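So the chains spell out like this:
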Amino acid sequence: MPKVRVNGVDLHYELTGAGEPLVLVHGSWADHAHWDLVQPALAERYRVLVYDRRGHSRSERPPGPGSRTEDEDDLAALVQALDLAPAHIAGNSFGASTVLGLAVRRPELFRTVIAHEPPLMAIVPPEPDLLPVMRAVERRIDSVLAHLRAGETRAGAQQFVDEVAFGPGTWERLPPEVRDTLLTNALTFLDEQQDPGWPLLDLAGLSAHPGPALLTVGTESPPWFPAIIARLARALPRAQVRTFAGAGHTPHVTHPAEYVRTVSGFIETHR
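Small disclaimer: the values here were computed from a predicted structure and weren't measured.

Caption draft 1: The packing of aromatic side chains, seen in detail. Applying the stated criterion to the full structure yields six aromatic pairs. When the centroid spacing of 4.8 Å and the interplanar angle of 25° are considered together, the rings of Trp29 and Phe160 count as stacked. Within this pair, whereas Trp29 is found in the loop between strand E3 (21-25) and helix H1 (39-43), its partner Phe160 is found in helix H5 (residues 153-165), the two being separated by 131 residues in sequence. With respect to burial, Trp29 and Phe160 carry one shared label: buried. Summarising the aromatic geometry, the rings of Phe244 and Tyr259 are spaced 6.0 Å apart at their centres and angled 25° between planes, so their arrangement reads as stacked. Taken together, the residues Phe244 in strand E8 (residues 239-244) and Tyr259 in helix H12 (residues 256-269) connect sequence positions 15 residues apart. Across the pair, exposure class does not vary: Phe244 and Tyr259 are buried alike.

Okay, structure coming up:
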């Protein structure tokens, strides 16, 4: 299985298709397989790179605390090592935060920026009607982290899926291989949450990004994501915003055909 060593870690990757390069960056708990439902269709048009971020699945899990900046540096080094720059780079959730953070620091690596619901909670002041909801979610996440610190990986993963990310009963409906992936990557989520910079972004730096950007949100997602997307749209000079009707935090999983159409349409507009 192909791996490349960057920044002192071995990263698993898969490269398919031909054409302009398109890099897909997964979120927390997941891995490269999270893109399986959209990768084949996108590879019909583009040279598609998927990979496991450090600490996830087939990539190396270095000891000690990490940071989102390390993920950004890994992404930059991977794109350069595989001679893909400049690339269209898309991310979901924490992967979207990673993409946006790198766009601030290394804009020359990007053809376009594509980001779905980055959890950049610190970039917008919470609205009064959202405060109770956000505080309730923070308490649930604190409970998830307590489970993980205590070695109760399954309890933490199930609580995250059922009470934070998707809704009650989702864990039991997941395929066994998906549950296994969540359990494998649970401690990396704990590590990510210990980075004080995980919910932050340099908005002033982002406002200098010269390229086009696509920011997306789902109608079924938690209510703070539209506020985050709106703040990012104000910062990015060439941003477009699209909404996935009926979708939530992972439209590439729940609405793959629409995700492919939306991303492809955006890229074709900015060739």
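Caption draft 2: Representation of the pattern of salt bridges within the structure. Following the criterion strictly, the structure yields twelve salt bridges and no others. With a shortest N-O distance of 2.8 Å, Arg105 and Glu72 are connected by a salt bridge. With Arg105 in helix H3 (residues 94-105) and Glu72 in helix H2 (residues 68-81), this pair connects stretches of sequence that are 33 residues apart. Across the pair Arg106 and Glu108 runs a salt bridge whose closest N-O atoms are separated by 2.4 Å. Each member of the salt-bridge network shares a partner with another, and the members are Arg68, Glu72, Asp73 and Arg105.

Caption draft 3: Fine view of the sheet that holds strand E7 (residues 213-218). Spatially, the eight strands line up as an open sheet ordered E1-E2-E4-E3-E5-E6-E7-E8, and their pairing is mixed. At either end of the open sheet lies a strand with only one pairing partner, and these are strand E1 (3-6) and E8. Across this sheet, the average inter-strand angle for adjacent strands is 25°, counted without regard to direction. Here E1 pairs with strand E2 (residues 9-16) via four bridges, running antiparallel. When the bridges of E2 are listed, Val4 appears paired with Leu11. Against the sheet, H2 contacts E1, E2, E3, strand E4 (47-51) and strand E5 (87-92), and its axis sits at roughly 125° relative to E1. Running at roughly 165° to E7, helix H10 (residues 224-235) makes contact with E7 and E8 of the sheet.

Caption draft 4: Region of interest: the nonpolar core. Counting residues in hydrophobic clusters, the biggest one holds 62 residues, and the most contacted among them are Val23 and Leu232. Not counting residues within four places of it along the chain, the set of residues in contact with Val23 comprises Leu49, Tyr51, Leu75, Val79, Leu84, Ala87, His88, Ile89 and Ala90. Grouped together as the second largest cluster of nonpolar side chains are 19 residues, Leu24, Ala90, Ala247 and Val263 included.

Caption draft 5: Focus on H5. Buried within H5 are the following residues: Gly156, Ala157, Gln159, Phe160, Val161, Asp162 and Val164. Those residues of H5 that are buried lie in contact with helix H4 (131-149), helix H6 (170-173), helix H7 (176-184) and helix H8 (186-193). At the C-terminal side of H5, Gly167 shows a positive phi close to 135°.

Caption draft 6: Inspection of the packing of H4 against H5 at higher detail. Contact pair H4 / H5: the axes reach a minimum separation of 7 Å and the direction vectors enclose 165°. It follows that H4 is roughly antiparallel to H5 by the angle criterion. Crossing geometry of H4 relative to H5 is assigned as left-handed. Across the interface between the two elements, Val137, Arg140, Ile141, Ser143, Val144, His147 and Leu148 from H4 touch Thr153, Ala155, Gly156, Gln159, Phe160, Glu163 and Val164 from H5. Looking at side-chain class alone, the contact of H4 with H5 contains seven nonpolar, five polar and two charged residues.

Reading guide: rules and limits
- Residues numbered from 1 in each chain as written.
- Predicted model: local features only at pLDDT ≥ 70, side-chain atom pairs only at ≥ 80, totals over all residues.
- Heavy atoms only, no water.
- Phe/Tyr/Trp six-rings, centres within 6.5 Å; stacked < 30°, edge-to-face > 60°.
- Helix = DSSP H or I, 4+ residues; strand = E, 2+ residues; numbered from the N terminus.
- Buried < 20%, exposed > 50% of the residue type's maximum accessible area, 1.4 Å probe, protein only.
- Salt bridge = Lys/Arg side-chain N within 4 Å of Asp/Glu carboxyl O.
- Pairing = 2+ DSSP bridges.
- Axes fitted to C-alpha atoms, helices over the stretch in contact; angles between N-to-C directions.
- Contact = heavy atoms within 4.5 Å.
- Core = buried A, V, L, I, M, F, W, Y, C linked by side-chain atoms within 4.5 Å.
- Parallel < 35°, antiparallel > 145°, perpendicular 65-115°, else oblique.
- Left-handed = near helix turned anticlockwise from the far one by under 90°.
- Nonpolar A, V, L, I, M, F, W, Y, C, P; charged D, E, K, R; others polar.

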